[in-house]
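An overview of the molecular structure
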Amino acid sequence: MERVYRRMKKAGVYNITLGVILIVFGITMGILSLVSGGKLLHSRKEILF
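Okay, so let's go over this structure. (Residues numbered from 1 in each chain as written. Predicted model: local features only at pLDDT ≥ 70, side-chain atom pairs only at ≥ 80, totals over all residues. Heavy atoms only, no water.)

1. Quick notes on helix α1 (residues 2-42)
- The first and last C-alpha atoms of α1 sit 60 Å apart over 41 residues, in line with the 60 Å expected at 1.5 Å per residue.
- A small share of α1 lies buried, amounting to zero of its 41 residues. (Helix = DSSP H or I, 4+ residues; strand = E, 2+ residues; numbered from the N terminus. Expected span 1.5 Å × (residues − 1). Buried < 20%, exposed > 50% of the residue type's maximum accessible area, 1.4 Å probe, protein only.)

2. Section: the environment of G30
- The topology assignment puts G30 in helix α1.
- Considered as a pair, G30 and M1 are 29 residues apart in the sequence and their alpha carbons are 44 Å apart.

3. Digging into the environment of T28
- If you trace the backbone, T28 turns up in helix α1.
- For the pair T28 and R7, spaced 21 residues apart in sequence, the C-alpha to C-alpha distance is 32 Å.

4. Digging into the pattern of salt bridges
- This structure, assessed with the given rule, holds one salt bridge.
- R6 serves as the salt-bridge partner of E2, at 3.5 Å between the closest nitrogen and oxygen. One end of the pair is E2 and the other is R6, both in helix α1 and four residues apart, which spans about a single turn.
- The class for E2 is exposed, based on a relative accessible area of 56%. (Salt bridge = Lys/Arg side-chain N within 4 Å of Asp/Glu carboxyl O.)

Any functional reading would require information that these geometric values do not contain.
In structure tokens, the structure reads:
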């Protein structure tokens, strides 16, 4: 029975770790998207159609 609890604990730790990594990745990608969009908006004066 104790083995089951150890496995559940390890699974919980892995899930929390993966969740934190995904949150950090999402925030980083969001910031990069905002910066990229800002650069595009700033340089739209130079674009001629």
